[in-house]
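In case you want the letters, here they are:
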Amino acid sequence: MSKKVGMISLGCPKNQVDGEIMLSKLADNGFEITNDVDGADVVIVNTCGFIEDAKKEAIENILDMVELKKEGVIRKIVVTGCLAERYRDEVLSEIPEVDAVVGIGSNSDICEVCEKVCGGEEDIGEEDIKTFGEKTCLPLDGKRMLTTPSYYAYIKIGEGCSNNCTYCAIPSIRGKYRSRTPESILEEAKTLVDGGVKELIVVAQDTTRYGEDLFGKCALPALLTSLSKIEGLEWIRVLYLYPERLSDEIIDTFANNDKIVNYMDIPIQHCNSDILRRMNRRGSKEELTALITKIREKIPDVVLRTTLITGFPGETEEQFSELSEFVKEMKFDRLGCFAYSQEEGTPAAEFPDQVDEEIRKKRGEIIMEQQYNIFEKLNHDNIGKTMRCVVEGYDGYTDSYYGRTWRDAPDIDGSVSFTCGYELNEGDFVDVEIFDVNEYDLIGEVI
């Protein structure tokens, strides 16, 4: 009788892709994959360990599984992902109910690990419950069991990061940046589209670094151009474009290719040049303003998303005010703001001028309040426009469909509710005229 395995995957899309590769490997080796953890022989908690909030979420999920294990609802718990890699010994010592901890370099061993933990307590030794291969052993590609809806999928084009921002633990967790070959990416993309995927979401820790390790230069424009030639693919969305490497060639590729949606996720983190330098990032308020102005001139309908950090060590009231004014001036379409998280093992964690936690959080709240007012105005400007949307489902209570415009990334941005005079299916693409707004979401009808 096959063993049932369930997975809880947390964190970023890159970690989700890793989880999908593990699930496919398990299925191919005779395990039954279940979406309901109740009754599972093994539950894999595929964790994020990037910042404090993500670690708390991961631990809460592990502890929830511990309770189910105590109640006899599930049998075994395996922890994978960034938290497992970063806190190798702590997970087992502090949560002894966990049966195995698998570092990212040992994801390929997931079948063997699950077999061992299911074999009985007496068969398990110390060497079996802690498995940590070299980070470079994490597969860059592989057959996947999609956990996204059938019409969209993430496609990871690189692993790790070499930017070495002083606040970030990713390089120590995931290793240096490694690009996948274009051939591997294109082969997987064609397979995904043949399987019904209509929107590909290109991800890496820094997509603008793609190809530098393979070709000595950024190969993102060439890759996107090749992806756009795949028949049946409607949208290509690109996440995490670093401003330092956002070249004219990349901008022009967006501007001149209809399949690449004009949505740019550019994590700038701050605008003050001294803070950026302490973050080990380049640029200044003037350079960022010039870049954003250039993008908007070349791509008039572009949607710009960014992320910011408030309360970075040494951030003064004046530097925060500069950031606040910058947000007001730039009017980003989408924005996420995070209070600085003092991550052990990072250079910034040792900086002497740490900002009080309450001040960090308060500054983040101020930025988000500002952004809401900006977003509300921008959203109302969409009334009367016609937008291309993907259908994501039907709501019987309101007798309307719901979905996303090209301006919205899944699980990050808003949605649109719309009526239609004929039946639609999940994954259909339709043109919707917007006639109203409900906070973050749009309301319209198919034309």
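Below you will find a few notes about this structure.

**Here we look at the overall build of the chain**
Of regular secondary structure, the chain possesses 15 helices and 19 strands. A compact globule built from 447 residues should have a C-alpha radius of gyration of about 22 Å, and the chain, at 23 Å, falls within 12% of that. Dimensions of the chain along its principal axes, counting C-alpha atoms only, are 65 × 60 × 45 Å. Within the chain, the proportion of its 447 residues that are buried is 56%. The contacts in the chain between residues at least 6 apart in sequence include a share of 73% that link residues at least 24 apart. About 19,400 Å² of surface is accessible on the chain, with carbon and sulfur atoms providing 47% of the total. Placing the 51 positive and 86 negative side-chain charges of the chain at their respective mean positions leaves the two points 5 Å apart.

**Here we look at the packing of helix 14 (residues 317-330) against helix 15 (residues 357-380)**
Close contact between helix 14 and helix 15 brings their axes to 10 Å; oriented N to C, the two are set at 15°. One element, helix 14, and the other, helix 15, form an angle in the roughly parallel class. The element helix 14 and its partner helix 15 pack so that their crossing is right-handed. For the pair formed by helix 14 and helix 15, the contact residues are Glu317, Phe320, Leu323, Ser324, Val327 and Lys328 on the first element and Arg363, Ile366, Ile367, Gln370, Gln371 and Ile374 on the second.

**A closer look at empty space enclosed by the protein**
One pass over the structure, following the stated rule, counts 1 cavity of 30 Å³ or more. By volume, the largest cavity amounts to about 50 Å³. Lining the largest cavity are Arg334, Phe375, Asn379, Asp408, Gly414, Ser415, Tyr440 and Leu442. Its residues assigned to classes, the lining of the largest cavity shows 3 nonpolar, 3 polar and 2 charged.

**Things to note about the nonpolar core**
Formed by 64 residues in total, the largest nonpolar core has its most connected members in Leu227 and Met264. With residues up to four places along the chain from it excluded, the contact list for leucine 227 reads Ile185, Leu186, Ala189, Leu200, Val202, Leu233 and Ile236. The next biggest cluster of nonpolar side chains, apart from the first, holds 22 residues, and it includes Ile8, Ala58, Val79 and Tyr87.

**A few points about the pattern of salt bridges**
Applying the stated criterion to the full structure yields 40 salt bridges. For glutamate 188, the salt bridge identified is with arginine 144, shortest N-O distance 2.8 Å. Separated by 44 residues along the polypeptide, glutamate 188 in helix 8 (residues 182-194) and arginine 144 in the loop between strand 6 (130-131) and strand 7 (152-156) bring together distant segments of the chain. This pair shows no difference in class: glutamate 188 is buried, exactly as arginine 144 is. For the salt bridge of arginine 278 with aspartate 353, the shortest nitrogen-to-oxygen distance reads 2.8 Å. Placement of arginine 278 in helix 12 (residues 273-278) and of aspartate 353 in the loop between strand 14 (334-339) and helix 15 is noted, with a sequence separation of 75 residues between them. When salt bridges that share partners are traced, they join Asp18, Lys156, Glu159 and Arg174 into one network.

How each quantity is defined
Residues numbered from 1 in each chain as written. Predicted model: local features only at pLDDT ≥ 70, side-chain atom pairs only at ≥ 80, totals over all residues. Heavy atoms only, no water. Helix = DSSP H or I, 4+ residues; strand = E, 2+ residues; numbered from the N terminus. Rg over C-alpha atoms; globule rule 2.2 N^0.38 Å. Buried < 20%, exposed > 50% of the residue type's maximum accessible area, 1.4 Å probe, protein only. Contact = heavy atoms within 4.5 Å. Areas by Shrake-Rupley, 256 points an atom, 1.4 Å probe, with all protein chains shown as cover. Lys, Arg positive; Asp, Glu negative; His and termini not counted. Charge placed at Lys NZ, Arg CZ, Asp CG, Glu CD. Axes fitted to C-alpha atoms, helices over the stretch in contact; angles between N-to-C directions. Parallel < 35°, antiparallel > 145°, perpendicular 65-115°, else oblique. Left-handed = near helix turned anticlockwise from the far one by under 90°. 1 Å grid on protein atoms, 1.4 Å probe; cavity = no way out; pocket = protein on both sides within 12 Å on 5 of 7 lines; lining within 4 Å. Points joined across faces, edges and corners; volume = space filled by probe spheres on them. Nonpolar A, V, L, I, M, F, W, Y, C, P; charged D, E, K, R; others polar. Core = buried A, V, L, I, M, F, W, Y, C linked by side-chain atoms within 4.5 Å. Salt bridge = Lys/Arg side-chain N within 4 Å of Asp/Glu carboxyl O.

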